[in-house]
Amino acid sequence: MVKLTYIGHSAFVVSDGNNIIAIDPFITGNPTATIKAADINPNFIVLTHAHGDHLGDTVELAKSNDATVIAVNELAIYLGTKGLKYHPLHIGGEFQFPFGSVKLTIAHHSSVNEEGVYMGPPAGAIINIGGKKIYHTGDTGLFSDMQLIGEISQPDVMLVPIGDNFTMGIEDAVKSVQFVKPKLAIPMHYNTFPVILADPNEFVTKVKANNFNSRVMEFGETIEI
Ligand code: NI
Ligand code: MN
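Residues numbered from 1 in each chain as written. Chains lettered and ligands numbered in written order. Predicted model: local features only at pLDDT ≥ 70, side-chain atom pairs only at ≥ 80, totals over all residues. Heavy atoms only, no water.

Chemist: Any chance you could explain the environment of serine 10 here in plain terms?
Modeler: Within the secondary structure, serine 10 is located in the loop between β1 (3–8) and β2 (11–15). Relative accessible area serves as the criterion here: at 0%, serine 10 is assigned to the buried category. Contacts of serine 10, omitting those with residues within four sequence positions, involve Ile23, Asp24, His54, His136, Asp139, Met188 and His189. (Helix = DSSP H or I, 4+ residues; strand = E, 2+ residues; numbered from the N terminus. Buried < 20%, exposed > 50% of the residue type's maximum accessible area, 1.4 Å probe, protein only. Contact = heavy atoms within 4.5 Å.)

Following this line, the structure appears as structure tokens:
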């Protein structure tokens, strides 16, 4: 049984009962988060890129839980200099971990750390855990290779940014679901800040109108996938 919790923004926690994986754990300072960083105890942290609204609590969480950070090579090595355990991956590469696997995909965005230093390319991540595949697109604009990602990985769940401005907006996000064809599409990266206000129910309605399954996850909600 795989459980998925939405913290808010692009931050999720996924667990198979033995392993707890935090994805882009921006929790402290996230105005929509109802869960505290101290409330999650991940043994792995998957990062899509280095922007502060994705890196978030990674350093503190990894240190306090002895967690391994999985990220693009440059970002992973940078976090290694902060004393964290890490596993470097790169776009297109997949690796087997105790819980399953992680494969990185392209994402059209950027990735620098808080000092503005290049942290490798941004990524999306396909996490295979407990027989379920979750495609977290990271921050990205729409791209037609999502069709290939969908065809090859056939994700059960797609986590889709809808907030516009820095990522896809609702129209492009709906198109991305048509490209990937997941069993379930869940909106993310909206309503955290004024520039990314979006109605997740509008996204869900439009995805369903295209005959794909979608639902809004409340901030702090856990579902079984
Ligand atoms: Ni970003
Ligand atoms: Mn972002």
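Chemist: How should I be thinking about the coordination of the nickel ion (ligand 1) in this particular structure?
Modeler: Ideal coordination angles are 109.5 degrees for a metal with four donors arranged tetrahedrally and 90 or 180 degrees for a metal with six donors arranged octahedrally. Within the protein, the nickel ion (ligand 1) binds to His49 (NE2), His51 (ND1), His109 (NE2) and Asp139 (OD); these donor distances fall in the range 2.2 to 2.3 Å. Positions of the donor residues of the nickel ion (ligand 1) along the chain correspond to the pattern H-x1-H-x57-H-x29-D. Between the nickel ion (ligand 1) and the manganese ion (ligand 2), the interatomic distance is 3.2 Å, and aspartate 139 donates to each metal, bridging them. (Donors = N, O, S within 2.8 Å, 3.2 Å for Na, K, Ca; no water.)

Chemist: Teacher, can you tell me more about the packing of aromatic side chains here?
Modeler: Two numbers describe a pair of aromatic rings. These are the distance of the centres and the angle of the planes. For the structure on display, the rule yields 8 aromatic pairs. Here the aromatic rings of phenylalanine 44 and phenylalanine 97 are separated by 5.7 Å at their centres, their planes lie at 65 degrees, and the arrangement is edge-to-face. With a gap of 53 residues between them, phenylalanine 44 in strand β4 (residues 44–46) and phenylalanine 97 in strand β7 (residues 94–97) connect regions that are remote in the sequence. Each of the two residues, phenylalanine 44 as well as phenylalanine 97, counts as buried. Phenylalanine 97 sits in the buried class, given a relative accessible area of 10%. Among the aromatic residues, those joined into a cluster by ring pairs are Tyr6, Phe12, Tyr190 and Phe219. (Phe/Tyr/Trp six-rings, centres within 6.5 Å; stacked < 30°, edge-to-face > 60°.)

Chemist: Could you clarify how one ought to interpret helix α3 (residues 73–81) in this entry?
Modeler: An α-helical turn contains 3.6 residues, so a residue and the one three or four places further along point in the same direction. Inspection of α3 places Leu75, Ala76, Tyr78 and Leu79 among the buried residues, and these make up the whole buried set. With its buried residues spanning 160 degrees around the axis, α3 presents them on a single face. (Arc of directions from axis to C-beta.)

Chemist: When you look at the packing of helix α4 (residues 146–153) against helix α5 (residues 170–180) in this model, what are you seeing that I'm missing?
Modeler: Any two packed helices are characterised by the angle at which their axes cross and by the distance between the axes. Packing of α4 against α5 leaves a shortest axis separation of 7 Å and a crossing angle of 40 degrees. By the angle between their axes, α4 is oblique relative to α5. Along this stretch, α4 crosses α5, giving a crossing that reads as right-handed. Mapping the contact onto sequence places Met146, Gln147 and Gly150 in α4 and Ser176, Phe179 and Val180 in α5. (Axes fitted to C-alpha atoms, helices over the stretch in contact; angles between N-to-C directions. Parallel < 35°, antiparallel > 145°, perpendicular 65-115°, else oblique. Left-handed = near helix turned anticlockwise from the far one by under 90°.)

Chemist: Can you walk me through the packing of α5 against helix α6 (residues 200–209) in this structure?
Modeler: Here α5 crosses α6 at 40 degrees, and the two axes come no closer than 10 Å. By the angle between their axes, α5 is oblique relative to α6. Note that α5 runs across α6; the crossing there is right-handed. Judged by residue contacts, Ile170, Glu171, Ala173, Val174 and Val177 of α5 engage Glu202, Phe203, Lys206 and Val207 from α6. For the contact of α5 with α6, the class distribution of residues is 6 nonpolar, no polar and 3 charged. (Nonpolar A, V, L, I, M, F, W, Y, C, P; charged D, E, K, R; others polar.)

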